[in-house]
Amino acid sequence: MFDPTDSDPNRPCPLPDLALSRFRGDERAIEGLPVRLVVALVVGVASLSVMLNMLTGVEGLAVTELDVRPEPDVVAPGEQAIDLVVVDADGDPVPGATVVVKSGGASIDGVVTAETDDRGVASVTVAPSLLAHQEDGTLVVSVKPPAGSQYVDRRANTEILVVRS
């Protein structure tokens, strides 16, 4: 028969009230629970702090946005040379960047690339064309920052406008 005064912790308890009374009588469970929660909280906060520091550290490496200034920025269809000046947020030239020109509303054959010189200038030769019913179109310009630099190119750059004369 079941003896309610039996204090053997390994014996299963058939009644829930008796299980609670055994838990209340076990001082280790009541004292150990808050300690475990505090340890888990401290470890969790420390881990979160390390992860956030790592993320902000990565973002801190690439902080300066690049832009491309085409000269001229409005052209007619047909073959021509265009100078593309790559500048940082302060307007200073950026040497060693790769400029990519590709079709937008206007068409060119393939993709044209060039690297900027010490003055931040890349010269490309393009032959944009428009369809018969088009009055204008654009060439899309993007820039790849120099390897290992602090630069990024996340925003859209100035497009080259192609206008039928």
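Residues numbered from 1 in each chain as written. Predicted model: local features only at pLDDT ≥ 70, side-chain atom pairs only at ≥ 80, totals over all residues. Heavy atoms only, no water.

What about the overall build of the chain?
(1) Moving on: What the chain contains, in helices and strands, is 2 helices and 10 strands.
(2) Moving on: Walking the chain from its N terminus toward its C terminus, one meets helices and strands in the order α-α-β-β-β-β-β-β-β-β-β-β.
(3) Moving on: In the chain, which comprises 165 residues, the share counted as buried stands at 27%.
(4) Moving on: On the chain, roughly 11000 Å² of surface is accessible, and the fraction owed to carbon and sulfur atoms is 58%. (Helix = DSSP H or I, 4+ residues; strand = E, 2+ residues; numbered from the N terminus. Buried < 20%, exposed > 50% of the residue type's maximum accessible area, 1.4 Å probe, protein only. Areas by Shrake-Rupley, 256 points an atom, 1.4 Å probe, with all protein chains shown as cover.)

Remarks on the confidence of the model for the chain
(1) Moving on: Residue-level pLDDT values for the chain average 80, and 75% of them are 70 or greater.
(2) Moving on: Averaged pLDDT values for the elements of the chain fall to 63 in helix H1 (residues 16-25) and rise to 93 in strand S7 (residues 121-126). (pLDDT = per-residue confidence, 0-100.)

Details of the sheet that holds strand S10 (residues 160-163)
(1) Moving on: Read across the open sheet, the 5 strands follow the order S3-S10-S8-S5-S6; overall the sheet is mixed. For this open sheet the edge positions go to strand S3 (74-75) and strand S6 (112-115), each flanked by a neighbour on one side alone.
(2) Moving on: With 4 bridges joining them, strand S5 (residues 98-103) and S6 adopt antiparallel strand pairing. Following the sheet pairing, Thr98 is matched in S6 by Glu115. (Pairing = 2+ DSSP bridges.)

Looking at the side chain of Ser142
(1) Moving on: Summarising the element assignment, Ser142 is placed in strand S8 (residues 136-144).
(2) Moving on: In this structure, Ser142 is in contact with Thr98, Val99, Val100, Asp153 and Asn157, ignoring residues within four places of it in sequence. (Contact = heavy atoms within 4.5 Å.)

Considerations on the environment of Ser107
(1) Moving on: In this fold, Ser107 is placed in the loop between S5 and S6.
(2) Moving on: Given a relative accessible area of 36%, Ser107 falls into the partly exposed group.
(3) Moving on: C-alpha of Ser107 to C-alpha of Pro128: the two residues are 21 residues apart in sequence and 5.4 Å apart in space.
(4) Moving on: In this structure Ser107 touches Ala127, Pro128 and Ser129, once residues within four positions along its chain are discounted.

As for the pattern of salt bridges
(1) Moving on: For the structure shown, the criterion picks out 1 salt bridge.
(2) Moving on: A salt bridge links Arg119 to Asp117, with the shortest nitrogen-to-oxygen separation between them at 3.3 Å. (Salt bridge = Lys/Arg side-chain N within 4 Å of Asp/Glu carboxyl O.)

Notes on unusual backbone geometry
(1) Moving on: Glu71 connects to Pro72 through a cis peptide bond whose omega is 0°.
(2) Moving on: Here Pro72 shows up in the loop between strand S2 (67-71) and S3.

Describing the sheet that holds S7
(1) Moving on: Across the sheet, which stays open at both edges, the 3 strands sit in the order S2-S4-S7 with antiparallel pairing between neighbours. Since the sheet does not close on itself, it has two edges, and those belong to S2 and S7, each with one partner. Averaged over all pairs of adjacent strands, the angle between strand axes in this sheet comes to 30°, irrespective of strand direction.
(2) Moving on: Relative to strand S4 (residues 80-87), S2 runs antiparallel, the two being bridged by 5 bridges. Considered in S4, the bridge of Pro70 is made with Leu84. (Axes fitted to C-alpha atoms, helices over the stretch in contact; angles between N-to-C directions.)

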